[in-house]
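If you want the building blocks of each chain, they are given just below.
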Amino acid sequence: MALIVQKYGGTSVGTTARIKRVAKRIVETRKKGNEVVVVVSAMGKTTDKLIELAKKITPNPKGRELDMLMATGEQASSALLAMAIHDLGEEAISLTGPQVGILTDSAHTKAKILKVNTKRIWEELRKGNIVIVAGFQGADYQNNITTLGRGGSDTTAVALAAALKADICEIYTDVEGVYTADPRIVPEARKIDVITYEEMLELAGAGAKVLQSRAVEFASKYNVKIHVKSSFSKKEGTVVMKEVKSMEDVLVRGVALSKNQAKISIDGVPDVPGTAAKIFTALAKENINIDLIVQGAPDAEGKSEITFTVSRDEADKAVEIIEKVREELGAKRVTCDKEVAKVSIVGVGMRTHPGVAARMFSALAKENINIELISTSEILISCLVREKEGEKAVKILHKEFELEKE
Ligand code: ADP
Ligand code: ASP
Ligand code: MG
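What you are looking at is a predicted structure, and each value in this text was computed from that prediction instead of being measured.

Conventions we followed
Chains are numbered independently. Their residues run from 1 in the order of the written sequence. Here the convention is simple: chains get letters from A, ligands get numbers from 1, in the order in which they are written. Restriction of local features to residues with pLDDT of at least 70 applies here, the model being predicted, together with a cutoff of 80 or more for giving and counting side-chain atom pairs; totals for whole chains, interfaces and linings are based on all residues. Excluding hydrogens and water, the side-chain figures rest on all heavy atoms present in the structure. Under the DSSP-based scheme used, a helix requires at least four consecutive residues in state H or I and a strand at least two consecutive residues in state E, with every element numbered from the N terminus. In this setup the radius of gyration rests on C-alpha atoms only. A globule is expected at 2.2 Å times the number of residues raised to 0.38. Exposed residues in this analysis have more than 50% of their type's maximum accessible area, buried residues have under 20%, and partly exposed residues fall in between, with area computed by a 1.4 Å probe over protein chains only. Between two residues, a contact is recorded if the distance between any of their heavy atoms is within 4.5 Å. Note that accessible areas follow from Shrake-Rupley with a 1.4 Å probe, and for residues the cover is restricted to the protein chains shown. Neither His nor the chain ends contribute to the count of charged residues, in which Lys and Arg are positive and Asp and Glu negative. Taken as the charge centre is NZ of Lys, CZ of Arg, CG of Asp or CD of Glu, depending on the residue. Throughout, the term near means that a residue has one or more heavy atoms lying within 4 Å of the molecule or strand in question. Each polar contact in these results corresponds to two N or O atoms within 3.5 Å; when the atoms are within protein, one needs to be able to donate a hydrogen and the other to accept it, and residues that are neighboring in sequence are counted only if both atoms are side-chain atoms. Polar here means any residue outside two lists: the nonpolar Ala, Val, Leu, Ile, Met, Phe, Trp, Tyr, Cys and Pro, and the charged Asp, Glu, Lys and Arg; Gly therefore counts as polar.

A. Seen up close, the overall build of the protein. Within the protein, the secondary structure is distributed over twelve helices and 20 strands. For 406 residues, the compact-globule formula gives about 22 Å, and the C-alpha radius of gyration of the protein, at 22 Å, lands near that figure. Each principal axis of the C-alpha atoms in the protein carries an extent, and together these give about 75 × 50 × 35 Å. When the 406 residues of the protein are sorted by exposure, 52% land in the buried category. Across the protein, every contact between residues at least 6 apart in sequence was considered, and the portion connecting residues at least 24 apart equals 75%. For the protein, the computed accessible surface area is about 19,300 Å², with 50% contributed by carbon and sulfur atoms. The centroid of the 59 positive side-chain charges in the protein is displaced by 4 Å from the centroid of its 56 negative side-chain charges.

B. Structural context of the site of ligand 2. Taken together, S41, A42, T47, E74, F136, R150, G151, G152 and S153 form the complete shell of residues around ligand 2. The separation between an oxygen atom of ligand 2 and a polar side-chain atom of R150 is 2.7 Å. Here an oxygen atom of ligand 2 and a backbone polar atom of G152 are 3.4 Å apart. About the coverage of ligand 2: the protein hides 87% of its 260 Å² of free accessible area. Its residues assigned to classes, the shell around ligand 2 comprises two nonpolar, five polar and two charged.

C. Here's a closer look at the site of ligand 1. Near ligand 1 lie 17 residues; those nearest to it are T173, D174, Y179, D182 and R184. Residue K7 places a side-chain N or O atom 2.9 Å away from an oxygen atom belonging to ligand 1. Separating an oxygen atom of ligand 1 from a side-chain N or O atom of R184 is a distance of 2.6 Å. Residue composition of the shell around ligand 1, grouped by class: eight nonpolar, four polar and five charged.

Have a look at this one:
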């Protein structure tokens, strides 16, 4: 008997008919003699709709209340899924994140899991229940409901699999696995059979939303084998695991696009020690993550420009914070550009093969795509481009590195 954690994403439970179909698949797994813990996302676009509702009340809802609101989506789908399983004659119980005992920090809307209490889940499994857990949520020390960031149900699933020492964590979604690029942008993209945590982490961080990057981080830390599959077919999917010898060092494994980007620039910053520290400390205090950073050379008057990127949904808050620092620094102006996108290539082969960056920049230049910011790490190169050119850039790079070929 194996302990299996399965996670079903929003599209997979988007309608009542789909919930019933997912219930059948879960019952099949159970009938094979497995213990099953299921993590479920909110139905379809529910989370987007809840956020829209909040924004109709106020443009800047408080994180705590937004979390109270967003968590209802998963609460609804988990209850409906339990009902569908009951209807098939199996025992099941739905639990919210706080009911399970998923303890998080208090960073509302992007909380980190600190601890997972498995007691209640084990009790329910022992009673013969299939346990359905509402994904994407937990509670902090004061019992405030928190959410784990968009796409966070993946992280709930992997965290549970780690805490329960599950045999496998299956992530069911609306594509057949992890591809060399988003198959909705690049139809020729190829499904990857096996990928390392390291490459998957970079792809997820670069915007390949098929897995939340936190989930991959967790999986890598606790060595949880993830199997990404389609909930609409029985095909093999993609295994995400630690490196095995037979996996050759592919030069470029995949291309990713992130549109959730905004570029913020501060003009006329006095070129004295401590200015960058002031700016980024102020942002860090408010829990805003910075991605790319560039500081220009000082001009004749000793003033320079600092540019960085943040996720678009935090751009307004970041500008508000920077405006305050600007006065203190005596800088000239803060500007924010939300019409940007980040395109990235990922591959462990970059470590040993020079010239990949040059090839990436040349391919984009040949098609007249201007690169605004660049950042690189050992196995990742990212370029900020105009948002309207993002998808084209992904297609160009997919072709340049011949990712459609075996
Ligand atoms: P779920 O609701 O199941 O969590 P998501 O929408 O969060 O599903 O993630 C699946 C989507 O991720 C796919 O529909 C696909 O458009 C997108 N995606 C982006 N990059 C990739 C990639 N490299 N491989 C597969 N899917 C990708
Ligand atoms: N429902 C949440 C979202 O849309 C979490 C998830 O689906 O993983 O982001
Ligand atoms: Mg998702």
